[in-house]
Amino acid sequence: MKVFGVTGWKNAGKTTLVSNLVTELTARGFTVSTIKRTHHNVDLDKSGTDSFAHRSAGAQEVMLASDKRYAILKEHQVAPPKLSDLLQRLNPVDVILVEGFKKEPHPKIECHRKGCEMPLIANNNSTVKLIATDEMLETEVPQVDINRIDEIADFVMDQTGLAEMRG
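What counts as what
- Residues numbered from 1 in each chain as written.
- Predicted model: local features only at pLDDT ≥ 70, side-chain atom pairs only at ≥ 80, totals over all residues.
- Heavy atoms only, no water.
- Helix = DSSP H or I, 4+ residues; strand = E, 2+ residues; numbered from the N terminus.
- Contact = heavy atoms within 4.5 Å.
- Areas by Shrake-Rupley, 256 points an atom, 1.4 Å probe, with all protein chains shown as cover.
- Lys, Arg positive; Asp, Glu negative; His and termini not counted.
- Charge placed at Lys NZ, Arg CZ, Asp CG, Glu CD.
- Disulfide = S-S within 2.5 Å.
- Buried < 20%, exposed > 50% of the residue type's maximum accessible area, 1.4 Å probe, protein only.
- Phe/Tyr/Trp six-rings, centres within 6.5 Å; stacked < 30°, edge-to-face > 60°.
- Salt bridge = Lys/Arg side-chain N within 4 Å of Asp/Glu carboxyl O.
- Patch = residues over 30% accessible without salt bridge, like charges linked within 9 Å, V, L, I, M, F, W, Y side chains within 5 Å.
- Core = buried A, V, L, I, M, F, W, Y, C linked by side-chain atoms within 4.5 Å.
- Pairing = 2+ DSSP bridges.

Counting its secondary structure elements, the chain contains five helices and eight strands. Overall size of the chain, expressed as C-alpha extent along the three principal axes, is 55 × 40 × 25 Å. Across the chain, every contact between residues at least 6 apart in sequence was considered, and the portion connecting residues at least 24 apart equals 53%. Of the roughly 10,600 Å² of accessible surface on the chain, 49% is carried by carbon and sulfur atoms. Charge separation in the chain, taken as the distance between the mean sites of 21 positive and 23 negative side-chain charges, equals 4 Å.

Right, here's the structure in full:
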């Protein structure tokens, strides 16, 4: 499976870009999955549900299954999961888009919005191969308008080898 990332600071447009790339790549006939990193203490479950009771009782993993989807809730008190471990849990697809995970070694696009006061991640991270932005920046890293999803998708396809899969 090919892995390509989207990174950037808060409110830079990462989720919008990933969603738009999923739409564009699937419209081109590719299968896509995503992994999103969050620093928030997210819980998809709530007190009073049967699955919450299972987790509270000590279950390490609880699978919620319905007719249309399932979710696995896994407890990990020791350390956050590694991206490599998360990738292994996914079924094979043409490409996995990863949102976040700034320090992981996979290639990435950095999202940048005008007015962001944080330094470019690309300045100190060679895994950033392109900056998707709404303003031109002084950097040696190639840049593209953040709204040019077709160009960004072409770039991802070239970087991951999906362009050759198309034939």
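On we go.
Okay, the state of the cysteines next. Scanning all chains against the criterion turns up zero disulfides. There is no disulfide at C111, and the cysteine sulfur nearest it, in C116, is 11 Å away. With relative accessibility at 1%, the residue C111 sits in the buried group. Residue C116 is classed as partly exposed on the basis of its relative accessible area, which comes to 27%.

This brings us to unusual backbone geometry. The backbone phi angle of N11 is positive, close to 65°, even though this residue is not glycine. N11 sits in the exposed class, given a relative accessible area of 68%.

This part is about the packing of aromatic side chains. Across all of its chains, the model carries one aromatic pair by this definition. Taken together, a centroid distance of 6.3 Å and an interplanar angle of 80° make the contact between F4 and F155 edge-to-face. With F4 in strand β1 (residues 2-8) and F155 in helix α4 (residues 149-160), this residue pair connects regions lying 151 residues apart in the sequence. Judged by relative accessible area, F155 falls into the buried class, the value being 18%.

So, on to the pattern of salt bridges. According to the stated counting rule, one finds eight salt bridges in the structure shown. Its salt-bridge partner being E99, residue K36 comes within 2.8 Å of it at the nearest N-O pair. Here E99 lies in strand β5 (residues 95-99) and K36 lies in strand β2 (residues 32-36), a separation of 63 residues in the sequence. Between D150 and R148 there is a salt bridge, with its nearest N and O atoms 3.2 Å apart. One continuous salt-bridge network, built from bridges that share partners, spans E24, R28 and D154.

A contiguous nonpolar surface patch, about 330 Å² in accessible area, is contributed by M63, Y70 and I72. Within the secondary structure, M63 is located in strand β3 (residues 61-65).

Another aspect to go through is the nonpolar core. One recurring pattern in soluble globular proteins: nonpolar side chains tend to sit buried together. L17, L21, L25, L97, I109, A132 and I152 are the most contacted members of the largest nonpolar core, which totals 24 residues. Going through the elements one at a time, β1, α1 (14-27), β5, β6 (108-112), β7 (128-133) and α4 are the ones with two or more residues in this core. Counting residues per element, this core draws most heavily on α4, at six residues. In contact with L97, other than residues within four places in its own chain, are F4, V18, L21, V22, L25, V32, S33, T34 and I35. Counting eight residues, the second-largest nonpolar core is a separate cluster that includes V3, L87, V93 and I96.

Turning to the pairing of β7, a few remarks are in order. Within a regular strand, the side chains alternate between the two sheet faces. Most of β7 is tucked away: five of the six residues are buried. Pairing between β6 and β7: five bridges, direction parallel. For I109, the partnering residue across the bridge sits in β7 and is L130. Bridge count for β7 against strand β8 (residues 143-145) is three bridges, and the pairing is parallel. Each residue of the ladder has a partner; that of T133, found in β8, is D145.

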